[in-house]
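# Structural characterization, general
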Amino acid sequence: AQKITQTQPGMFVQEKEAVTLDCTYDTSDPSYGLFWYKQPSSGEMIFLIYQGSYDQQNATEGRYSLNFQKARKSANLVISASQLGDSAMYFCAMRGVGTASKLTFGTGTRLQVTL
Amino acid sequence: NAGVTQTPKFRVLKTGQSMTLLCAQDMNHEYMYWYRQDPGMGLRLIHYSVGEGTTAKGEVPDGYNVSRLKKQNFLLGLESAAPSQTSVYFCASRDPGPSSGANVLTFGAGSRLTVL
């Protein structure tokens, strides 16, 4: 079975600072993918970044980067130069092998960006 | 805009009533999913489908039924609603794609259901 753990229910960060949101995972699949989604107060789920288990380099997408440490089974999201619009719920998710490659989600971290 | 459309967006039910949530996607995706989101629990998979005419159980299927009679539609039914089914429901879709690719889920906007 797959499991995603996000241990930070809530985080605060000042505008323009960097912040790291933690995510650890557990799986027996040799091949898997890790995702981060953002959910603003409006409720929609927005895809941010993806990391494949065999990718040699950490994924980056603009101000988002994924700090992937395979041996530690961690896939932390780093947001650089935080903006007020980054205030939202953030979910880490994993997709393994198998039928339909279903996503398993963590419980989320609520990020609040302050002035 | 192309994407995943869920109807209705809001619904209030009494215990024991039945209802159906409709998910429609216009991206010709093979795979479709129904998730529920509850505070402190993230998103949990209810049922999914890997193609027209197929359905399968997810993590929390009890109390729900689904049908995929047409490729573009995935229906989630509650035969006898219970207060424990008060939640926000999300539909999502994607193509199978290569397992090494990102192949991102596209989500609908969500449907907020309250059971009194």
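So, a few notes on the structure that sits alongside this text. Quick caveat: nothing in here was measured; it's all calculated off a predicted structure.

## Section: the overall build of chain B
- Broken down by element type, chain B carries 0 helices and 11 strands.
- Written out in order from the N terminus, the α and β elements of chain B read β-β-β-β-β-β-β-β-β-β-β.
- Here the C-alpha radius of gyration of chain B, 14 Å, is about what a compact globule of 116 residues would show, namely 13 Å.
- A principal-axis box enclosing the C-alpha atoms of chain B has dimensions of 45 × 30 × 30 Å.
- When the 116 residues of chain B are sorted by exposure, 47% land in the buried category.
- Residue pairs in contact within chain B that sit at least 24 positions apart in sequence constitute 55% of those at least 6 positions apart.
- Of the roughly 5,500 Å² of accessible surface on chain B, a fraction of 52% belongs to carbon and sulfur atoms.
- Charge-centre separation for chain B: the mean point of 11 positive side chains lies 7 Å from the mean point of 8 negative side chains.

## A short note on the interface of chain A and chain B
- With 17 residues of chain A in contact, the opposing surface of chain B contributes 22 residues.
- Roughly 1,600 Å² of surface becomes buried between chain A and chain B when both sides are summed, with 60% attributable to carbon and sulfur atoms.
- When the area that chain A buries against chain B is broken down by residue, the three leading residues are Arg-95, Ala-100 and Phe-105 of chain A, summing to 29%.
- Run the count over chain A and chain B and you get 0 salt bridges.
- Across the contact surface, chain A and chain B share 3 residue pairs in polar contact (both at pLDDT 80 or more).

## Section: the pattern of salt bridges
All names here are of chain B.
- Following the criterion strictly, the structure yields 5 salt bridges over all chains and no others.
- In this structure, Lys-71 engages Glu-30 in a salt bridge whose closest nitrogen and oxygen atoms are separated by 3.0 Å. On the criterion of sequence distance, the pair formed by Lys-71 in the loop between strand 7 (65-67) and strand 8 (73-78) and Glu-30 in the loop between strand 3 (19-25) and strand 4 (31-38) is long-range, its members being 41 residues apart.
- Looking at Glu-30, the relative accessible area reads 28%, which means it is partly exposed.
- A salt bridge links Arg-44 to Asp-38, with the shortest nitrogen-to-oxygen separation between them at 2.9 Å.
- Taken together, the shared-partner salt bridges in this structure form one network comprising Arg-36, Asp-38 and Arg-44.

## Observations concerning the packing of aromatic side chains
- Inspection of the entire model under this criterion finds 16 aromatic pairs over all chains.
- One aromatic cluster is present, built from ring pairs that chain together Phe-35, Tyr-37, Phe-47, Tyr-50, Phe-91 and Phe-105 of chain A together with Tyr-33, Tyr-35, Tyr-48, Phe-90 and Phe-107 of chain B.
- A cation sits over an aromatic face here: Arg-63 of chain A above Tyr-64 of chain A, 5.7 Å from the ring centre.

## Things to note about the nonpolar core
- One finds Leu-34, Trp-36, Ile-49, Leu-77, Tyr-90 and Leu-111 of chain A to be the most contacted residues of the largest nonpolar core, which totals 24 residues.
- Where this core is concerned, the elements lending two or more residues are strand 3 (19-21), strand 5 (33-39), strand 6 (46-52), strand 8 (64-69), strand 9 (74-79), strand 10 (88-95) and strand 12 (109-114) of chain A.
- With 4 residues, strand 10 of chain A is the largest single contributor of residues to this core.
- Ignoring anything within four residues of it in the chain, the contact list for Tyr-90 of chain A reads Gln-6, Leu-21, Trp-36, Tyr-37, Lys-38, Leu-48, Leu-77, Ile-79, Gly-108, Thr-109 and Leu-111 of chain A.
- The next biggest cluster of nonpolar side chains, apart from the first, holds 21 residues, and it includes Met-89 and Leu-103 of chain A together with Ala-92 and Leu-105 of chain B.

The rules behind these values
Residues numbered from 1 in each chain as written. Chains lettered and ligands numbered in written order. Predicted model: local features only at pLDDT ≥ 70, side-chain atom pairs only at ≥ 80, totals over all residues. Heavy atoms only, no water. Helix = DSSP H or I, 4+ residues; strand = E, 2+ residues; numbered from the N terminus. Rg over C-alpha atoms; globule rule 2.2 N^0.38 Å. Buried < 20%, exposed > 50% of the residue type's maximum accessible area, 1.4 Å probe, protein only. Contact = heavy atoms within 4.5 Å. Areas by Shrake-Rupley, 256 points an atom, 1.4 Å probe, with all protein chains shown as cover. Lys, Arg positive; Asp, Glu negative; His and termini not counted. Charge placed at Lys NZ, Arg CZ, Asp CG, Glu CD. Buried area = accessible area lost by both parts, 1.4 Å probe. Salt bridge = Lys/Arg side-chain N within 4 Å of Asp/Glu carboxyl O. Polar contact = N/O pair within 3.5 Å; in protein donor to acceptor, adjacent residues only side chain to side chain. Phe/Tyr/Trp six-rings, centres within 6.5 Å; stacked < 30°, edge-to-face > 60°. Lys NZ or Arg CZ within 6 Å of the ring centre and 35° of its normal. Core = buried A, V, L, I, M, F, W, Y, C linked by side-chain atoms within 4.5 Å.

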